[in-house]
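# Descriptive analysis of the structure
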Amino acid sequence: DGGITQSPKYLFRKEGQNVTLSCEQNLNHDAMYWYRQDPGQGLRLIYYSQIVNDFQKGDIAEGYSVSREKKESFPLTVTSAQKNPTAFYLCASSESSGGSGANVLTFGAGSRLTVL
Amino acid sequence: EDQVTQSPEALRLQEGESSSLNCSYTVSGLRGLFWYRQDPGKGPEFLFTLYSAGEEKEKERLKATLTKKESFLHITAPKPEDSATYLCAVGSAGNMLTFGGGTRLMVKP
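Residues numbered from 1 in each chain as written. Chains lettered and ligands numbered in written order. Predicted model: local features only at pLDDT ≥ 70, side-chain atom pairs only at ≥ 80, totals over all residues. Heavy atoms only, no water.

## A word on the overall build of chain A
Where we set the bar: A helix here means a DSSP run of H or I that spans at least four residues, while a strand means a run of E at least two residues long, and both kinds are numbered starting from the N terminus. When we talk radius of gyration, it's over C-alpha atoms, and the globule rule is simply 2.2 Å times the number of residues to the 0.38. Relative accessible area decides the class of each residue, using a 1.4 Å probe on protein chains only: under 20% of the type maximum gives buried, over 50% gives exposed, and in between gives partly exposed. Values of accessible area rely on a 1.4 Å probe in the Shrake-Rupley scheme; residue burial ignores everything except the protein chains shown. Charge counting follows a simple rule: Lys and Arg are positive, Asp and Glu are negative, and His as well as the terminal groups are ignored. Charge coordinates come from a single atom per side chain, which is NZ of Lys, CZ of Arg, CG of Asp or CD of Glu.
The helix and strand tally for chain A stands at zero helices and 11 strands. Relative to the 2.2 N^0.38 estimate, which gives 13 Å for 116 residues, the radius of gyration of chain A is 13 Å and therefore close to what a compact globule would have. Its C-alpha atoms give chain A principal-axis dimensions of roughly 35 × 30 × 30 Å. Counting over 116 residues, chain A shows a buried share of 49%. A total accessible area of about 5,500 Å² is found for chain A, and carbon and sulfur atoms account for 46% of it. Distance from the positive charge centre (11 side chains) to the negative charge centre (11 side chains) of chain A: 8 Å.

## Concerning the nonpolar core
Soluble globular proteins: nonpolar side chains tend toward being buried together. Residue and element names in this part refer to chain B. Counted only if it meets this: To form a nonpolar core, buried Ala, Val, Leu, Ile, Met, Phe, Trp, Tyr and Cys residues must be joined to one another through side-chain atoms within 4.5 Å.
Within the largest apolar cluster, 22 residues are counted, with the highest numbers of intra-cluster contacts made by Leu33, Trp35, Leu73 and Tyr86. Looking at this core, the elements that each hand over two or more residues are strand S2 (10-14), strand S3 (19-26), strand S4 (30-38), strand S5 (45-50), strand S7 (62-66), strand S8 (70-75), strand S9 (84-92) and strand S11 (103-108). At four residues, the largest contribution of residues to this core is made by S9.

## Quick notes on the state of the cysteines
Among covalent bonds in proteins, the disulfide is the one between the sulfur atoms of two cysteines. All names here are of chain B. Keep this limit in mind: Cysteine sulfur atoms that pair up within 2.5 Å are treated as a disulfide.
Overall, the coordinates contain two disulfides over all chains when judged by the stated rule. Disulfide pairing places Cys23 opposite Cys88 at an S-S distance of 1.9 Å. Where Cys23 bonds to Cys88 through sulfur, the torsion about that S-S bond is close to -60 degrees, and the disulfide is left-handed. Separated by 65 residues along the polypeptide, Cys23 in strand S3 and Cys88 in strand S9 bring together distant segments of the chain. Exposure remark for Cys88: the relative accessible area of 0% places this residue in the buried category.

## Description of the sheet that holds strand S1 (residues 4-7) of chain A
Residues and elements named next belong to chain A. In plain terms, the rule: By definition, two strands form a pair when at least two bridges between them are found by DSSP. For helices, the fitted axis covers only the stretch in contact; all axes are lines through C-alpha atoms, and the angles between them, taken along N-to-C directions, range from 0 to 180 degrees.
In space, the four strands of this open sheet follow the order S1-S3-S8-S7, with antiparallel pairing throughout. The two strands at the open ends of the sheet, each matched to only one other strand, are S1 and strand S7 (64-66). This sheet shows a mean twist of 20 degrees between the axes of neighbouring strands, independent of strand direction. With three bridges connecting them, S7 and strand S8 (residues 76-78) associate as antiparallel partners. Among the inter-strand pairings, Tyr64 is bridged to a residue of S8, identified as Val78.

## Let's talk about the sheet that holds S7 of chain B
All names here are of chain B. Spatially, the five strands line up as an open sheet ordered S1-S3-S8-S7-S6, and their pairing is antiparallel. At either margin of the open sheet sits one strand with a lone partner, and together these are strand S1 (3-7) and strand S6 (56-59). In this sheet, adjacent strand axes meet at a mean angle of 15 degrees when their direction is disregarded. Across five bridges, the pairing between S7 and S8 is antiparallel. Counterpart to Leu66 in the pairing with S8 is Ser71.

## Concerning a nonpolar patch on the surface
The condition that has to hold: Patch membership needs two things, relative accessible area over 30% and no salt bridge, and members are linked within 9 Å if like-charged or within 5 Å if nonpolar (Val, Leu, Ile, Met, Phe, Trp, Tyr). The rule for a salt bridge is simple: a side-chain nitrogen of Lys or Arg has to be within 4 Å of a carboxyl oxygen of Asp or Glu.
Together, Tyr10, Phe12 and Leu116 of chain A make up a nonpolar patch on the protein surface, roughly 390 Å² of accessible area in all. Secondary-structure assignment places Tyr10 of chain A in strand S2 (residues 10-13).

## Re the environment of Asn53 of chain A
Residue and element names in this part refer to chain A. The criterion, for reference: Contacts are assigned to residue pairs with any non-hydrogen atoms lying within 4.5 Å of each other.
Mapped onto the elements, Asn53 comes out in the loop between strand S5 (44-51) and strand S6 (54-57). Relative accessible area serves as the criterion here: at 62%, Asn53 is assigned to the exposed category. It is 5.5 Å that separates the C-alpha atoms of Asn53 and Glu69, two residues lying 16 residues apart in sequence. What Asn53 contacts, discounting residues up to four positions off in sequence, is Arg68 and Glu69.

In structure tokens form, the structure reads like this:
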């Protein structure tokens, strides 16, 4: 079955540590995205990538980094510079870039990061 | 800047009690309005896309409608398994999707 796999499901981090969240898709989608979700708030865009080896900052990119070396993979690193990283992180993909504003996103199951 | 506001934040219904969720938006050049369902601890699942005012789409007990300023998600005779958070998002030309804060629906048996 085609879909998006995120891992780990739960992750605990000590202050000052970098952590990397994995996102893999087998939908052959060109575009991939990372969102952050906090309780009672809408999804906020962290980074997105429209094509391999290219990515753009979203609304809340500070303290995060990404790479897109393969079409299928879009890992997110939460660095120690992110001041409040505890949140639910969602990876998504779409057939083409979201620039058209009319692309359906397929989401992964999410990764919950807790800073101890 | 695109903006999306969903109301109410939470809604409790008895099984069979029909109601509507609201999504108000401001956007320059709507390209699509999206509804997603999200179960606790999971990623959102796509429900509907609406593209122009007057458009309606249905799926089982759900019906989504669109005007120039808002969208409604009507739930007819809901069941406990309809309990979830419903997210609304708008897309405009040249911009990424903007999501609302969601409505948490609880249907009691």
